[in-house]
Amino acid sequence: MLGVSSLFLLLLLTLSVVGFSQHTPKLSRDDFPPGFILGAGTSAFQVEGAVAEDGRSPSVWDAYTQAGKMMDKSNADVTSDQYHKYKEDVKLMSKMGLDAYRFSISWSRILPHGRGAVNPKGVQYYNNLINELISHGIQPHVTLYHLDLPQILEDEYSGWLSPKIVEDFTAYADVCFREFGDRVAHWTTLNEPNVAAIASYDSGFFPPQRCSYSFGFNCTAGNSTVEPYIAVHHALLAHSSAAALYREKYQAKQKGLIGLNVYSFWCIPFTNSTADVKATQRALDFFNGWIINPVVFGDYPEIMKKNAGSRIPSFTRSESERVKGSIDFLGVNHYITAYTQDDSDGPKSNVRDYNGDIFAKFRLSKDDSPSGQIVPIGLPAVPSGLQSLLEYYKNEYGNIPIYVQENGFGGPQNESLNDTARVEYISGYLNATLSAIRNGSNTKGYIVWSFLDVFEFLAGYSQRYGFYHVDFEDKARTRRPKLSAHWYTDLLKKRKEMKIEMATQQTMAHPTQ
Ligand code: IFM
């Protein structure tokens with residue numbers, strides 16, 4: 001029989017979670033395999049601010065935002081100010097019980113000229129951040145490049161369109177491995193090279209805003225029929241060169257892993273017609289296989305080579321050998337499932353951009369009107385899409401280790417702290433991840449986008465993904481936890497209490513049992 005004091009304790013425990021009992025995670029950390037990483041992430045440009053401090057030079061995103069090109073005219077000059085508030089942020093992460101914080105390094109903070117002289121203050125900042133994380137028991141998962149190319153390299157040789165980027169990226173990676181690799185066990189070379197190429201060189205939404213007049217928006221130069229393919233080609237060569245360097249020079253001593261990230265769409269046929277089923281496979285090859293086939297098999301998917309012909313570069317034999325097997329893990333960013341419909345009978349032209357080469361149309365929901373391209377973010381949430389995607393990667397790519405490096409819910413600018421939609425979203429996708437693992441997927445971690453509200457590349461400050469609300473009007477950039485932060489904390493930390501709570505609820509519901 002329970003004594004009065006134990007009953008009181010149990011009542012207290014029950015009351016302490018009653019605030020989010022509706023959203024109490026059904027999952028607990030114990031459901032995941034031992035060593036499974038649960039974390040949250042951001043990226044340098046989106047979160048640091050301090051864009052002109054301590055020797056940092058501008059990136060292409062500084063030039064773009066400062067020229068007033070964002071729809072909301074915003075820039076990231078201060079954004080969430082993590083450069084000055086990293087200690088406060090790491091405390092919050094630690095209070096949440098995060099296993100890992102995924103962040104990226106700003107290339108132009110480390111190498112203000114893009115290459116050559118290292119900026120000691122830049123190195124100091126990342127040393128401070130990494131040390132702070134480690135002293136709080138949080139693993140740093142580091143991405144070397146998250147869209148923020150030093151502007152100086154764009155001006156000098158057009159950045160990712162030139163093969164010169166390979167050497168400069170490798171030299172930058174070398175500095176990072178040398179300076180931080182003794183404490184970093186998870187390196188990701190590039191974030192979303194597929195979306196970066198489409199957005200920068202096909203539609204021209206992102207800097208350097210290059211596209212053909214007939215395919216993109218407001219570009220003054222570019223060629224959407226070839227440049228997306230060229231940019232990805234150089235990205236893959238840069239990735240594999242940095243990975244080779246890491247493996248030859250650092251891995252044995254530092255014992256870390258190196259991976260590459262891909263923005264991973266899931267596609268399902270709009271109807272079960274053979275044409276739609278084939279179009280769906282085509283879309284998966286174009287979106288995801290574009291990046292993953294080379295690093296697993298050493299070449300682009302056959303359908304890409306067929307449809308793009310001479311517009312997609314070829315790997316030489318030695319390039320192919322270097323690219324093949326150049327990842328220890330795959331980083332997966334997942335937000336979208338699209339219904340995919342064949343479009344091979346539509347009007348065809350010999351002049352096609354990357355999107356046109358897919359011969360497919362997309363809808364985010366069955367009732368949408370079809371579009372020739374899918375936007376990289378959007379609703380509705382389809383958690384089963386992530387499960388299917390992870391299982392597809394298991395089956396198609398030899399069950400490679402995977403970290404889900406981004407998945408999260410974008411709320412409106414005036415989102416309330418009671419972000420129940422985010423709790424539901426993340427809980428659904430975590431359950432989907434777990435189902436994939438139970439079906440044999442080698443998924444090793446799940447990292448929520450984002451730890452706190454940040455500057456969004458497409459939406460500026462009009463969209464919020466964070467566990468922590470940031471007041472961008474307030475000079476202090478005050479952080480306030482949303483419901484989702486409490487919920488994730490519960491999932492991460494309170495498993496014992498959760499079990500007691502469940503036992504209590506049962507006792508209370510069935511007192512005689
Ligand atoms: O904020 C972005 C991130 O930089 C890249 N992946 C998608 C996120 C949400 O839009």
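In what follows, the structure referred to is the one given above.
Model, not experiment: these values are computed from the prediction.

> Help me understand the site of the ligand in this model?
By nearness alone, every residue bordering the ligand is listed as Gln-46, His-146, Glu-192, Tyr-335, Ile-377, Glu-406, Trp-449, Glu-456, Phe-457 and Tyr-465. Between an oxygen atom of the ligand and a side-chain N or O atom of His-146, the distance comes to 2.8 Å. Contact between the ligand and Glu-456: an oxygen atom at 2.8 Å from a side-chain N or O atom of the residue. About the coverage of the ligand: the protein hides 93% of its 280 Å² of free accessible area. When the residues that make up the shell around the ligand are grouped by side-chain class, the tally is 5 nonpolar, 2 polar and 3 charged.

> I keep staring at the packing of aromatic side chains and nothing clicks. Help me out?
The description of two aromatic rings rests on the distance between their centres and on the angle between their planes. Throughout the structure, instances matching the rule amount to 51 aromatic pairs. Look at Phe-455 and Phe-457: their rings are 6.1 Å apart centre to centre, the planes differ by 90°, and that puts the pair in the edge-to-face class. Pair check on accessibility: Phe-455 and Phe-457 agree, each one buried. Following the ring pairs from residue to residue traces out a cluster consisting of Phe-45, Trp-61, Tyr-64, Phe-206, Phe-455, Phe-457, Tyr-461 and Phe-472.

> Explain the environment of Ser-28 to me, please; I cannot follow it from the model alone.
Looking at where Ser-28 falls in the secondary structure, it is placed in the loop between helix 1 (4-18) and strand 1 (37-41). Here the alpha-carbon distance between Ser-28 and Gly-378, two residues 350 residues apart in the chain, equals 27 Å.

> What should I look at first to understand the sheet that holds strand 2 (residues 100-104) in this one?
As a general point, the strands of a sheet are linked pairwise by backbone hydrogen bonds and lie either parallel or antiparallel. On the basis of which strands lie adjacent, the closed barrel formed by 8 strands has the order 1-2-3-4-5-7-10-12 and parallel pairing. For this sheet the average axis-to-axis angle between neighbouring strands, irrespective of direction, equals 25°. Here strand 1 runs beside strand 12 (residues 443-449); their pairing, made up of 5 bridges, is parallel. What sits directly across from Leu-38, in strand 12, is Tyr-446. In the packing of helix 17 (residues 483-493) onto the sheet, the strands contacted are strand 1 and strand 12, and the crossing angle to strand 1 comes to about 155°.

> Is there a simple way to think about the side chain of Ser-441 in this case?
Tracing the chain through its elements places Ser-441 in the loop between helix 16 (420-438) and strand 12. You can call Ser-441 buried: its relative accessible area is 6%. Excluding its chain neighbours within four sequence positions, the residues that come into contact with Ser-441 are Leu-390, Lys-394, Asn-399 and Ala-436.

> Help me out: how do you make sense of a nonpolar patch on the surface in this one?
The grouping of Phe-205, Phe-217 and Leu-458 at the surface amounts to a nonpolar patch, some 260 Å² of accessible area in total. With respect to the element layout, Phe-217 can be found in the loop between helix 9 (193-201) and helix 10 (227-254).

> Explain the packing of helix 16 against helix 17 to me, please; I cannot follow it from the model alone.
A packed helix pair is summarised by two numbers, namely the angle formed by the two axes and the spacing between the axes. With their axes 8 Å apart at the nearest point, helix 16 and helix 17 run at an angle of 35° to one another. Like other packed secondary-structure pairs, helix 16 and helix 17 cross with a definite hand, here right-handed. Along the contact surface, helix 16 presents Thr-420, Arg-422, Val-423, Ile-426, Ser-427 and Leu-430, while helix 17 presents Leu-483, Ser-484, Trp-487, Tyr-488 and Leu-491. In terms of residue class, the contact of helix 16 with helix 17 is built from 7 nonpolar, 3 polar and 1 charged.

> Would you mind showing me how to read the environment of Asn-407 here?
With respect to the helices and strands, the residue Asn-407 is situated in the loop between strand 10 (402-406) and strand 11 (411-412). Measuring from C-alpha to C-alpha, the distance between Asn-407 and Tyr-465 comes to 9.6 Å, with 58 residues separating the pair along the chain. Every residue in contact with Asn-407, bar those within four places of it in the chain, is listed here: His-334, Tyr-335, Tyr-425, Tyr-429, Tyr-446, Ile-447, Val-448 and Trp-449.

> Please explain unusual backbone geometry as it appears in this structure.
It is generally the case that most residues other than glycine have a negative phi and that most peptide bonds are trans. The omega torsion of the bond from Pro-207 to Pro-208 falls at 10°, within 30 degrees of zero and hence cis. Of note, Pro-208 is situated in the loop between helix 9 and helix 10. Looking along the chain, the bond that leaves Trp-449 and enters Ser-450 is cis, with omega of 10°. Mapped onto the elements of the fold, Ser-450 is located in the loop between strand 12 and strand 13 (463-464). The backbone of Ala-50 sits at a positive phi, close to 50°, despite the residue not being glycine. As for its position among the elements, Ala-50 is in the loop between helix 2 (44-47) and helix 3 (60-66). Residue classification places Ala-50 among the buried residues on the basis of a relative accessible area of 7%. Of note, Arg-477 is a non-glycine position whose phi angle comes to about 50°, a positive value. With respect to the helices and strands, the residue Arg-477 is situated in the loop between strand 14 (468-470) and strand 15 (479-481). Note on Arg-477: relative accessible area 12%, which makes it buried.

> Just checking my understanding: could you explain helix 8 (residues 164-180) for this structure?
Note that an α-helix has 3.6 residues per turn; residues three or four places apart therefore point the same way. Given a rise of 1.5 Å per residue, 17 residues ought to cover 24 Å, and the 25 Å separating the end C-alpha atoms of helix 8 matches this to within 8%. Extensive coverage of helix 8 is indicated by the burial of 12 of its 17 residues. Regarding helix 8, the residues found buried are Ile-165, Val-166, Asp-168, Phe-169, Thr-170, Tyr-172, Ala-173, Asp-174, Val-175, Cys-176, Phe-177 and Phe-180.

> What am I meant to see in the environment of Ile-292 here?
Counting through the fold element by element, Ile-292 comes out in helix 11 (residues 274-297). Relative accessible area serves as the criterion here: at 0%, Ile-292 is assigned to the buried category. Note: C-alpha distance between Ile-292 and Val-262 (30 residues apart in sequence) is 7.7 Å.

The rules we used
- Residues numbered from 1 in each chain as written.
- Predicted model: local features only at pLDDT ≥ 70, side-chain atom pairs only at ≥ 80, totals over all residues.
- Heavy atoms only, no water.
- Near = heavy atom within 4 Å.
- Polar contact = N/O pair within 3.5 Å; in protein donor to acceptor, adjacent residues only side chain to side chain.
- Areas by Shrake-Rupley, 256 points an atom, 1.4 Å probe, with all protein chains shown as cover.
- Nonpolar A, V, L, I, M, F, W, Y, C, P; charged D, E, K, R; others polar.
- Phe/Tyr/Trp six-rings, centres within 6.5 Å; stacked < 30°, edge-to-face > 60°.
- Buried < 20%, exposed > 50% of the residue type's maximum accessible area, 1.4 Å probe, protein only.
- Helix = DSSP H or I, 4+ residues; strand = E, 2+ residues; numbered from the N terminus.
- Pairing = 2+ DSSP bridges.
- Axes fitted to C-alpha atoms, helices over the stretch in contact; angles between N-to-C directions.
- Contact = heavy atoms within 4.5 Å.
- Patch = residues over 30% accessible without salt bridge, like charges linked within 9 Å, V, L, I, M, F, W, Y side chains within 5 Å.
- Salt bridge = Lys/Arg side-chain N within 4 Å of Asp/Glu carboxyl O.
- Left-handed = near helix turned anticlockwise from the far one by under 90°.
- Expected span 1.5 Å × (residues − 1).

Read these as layout, nothing more, since geometry by itself doesn't imply function.
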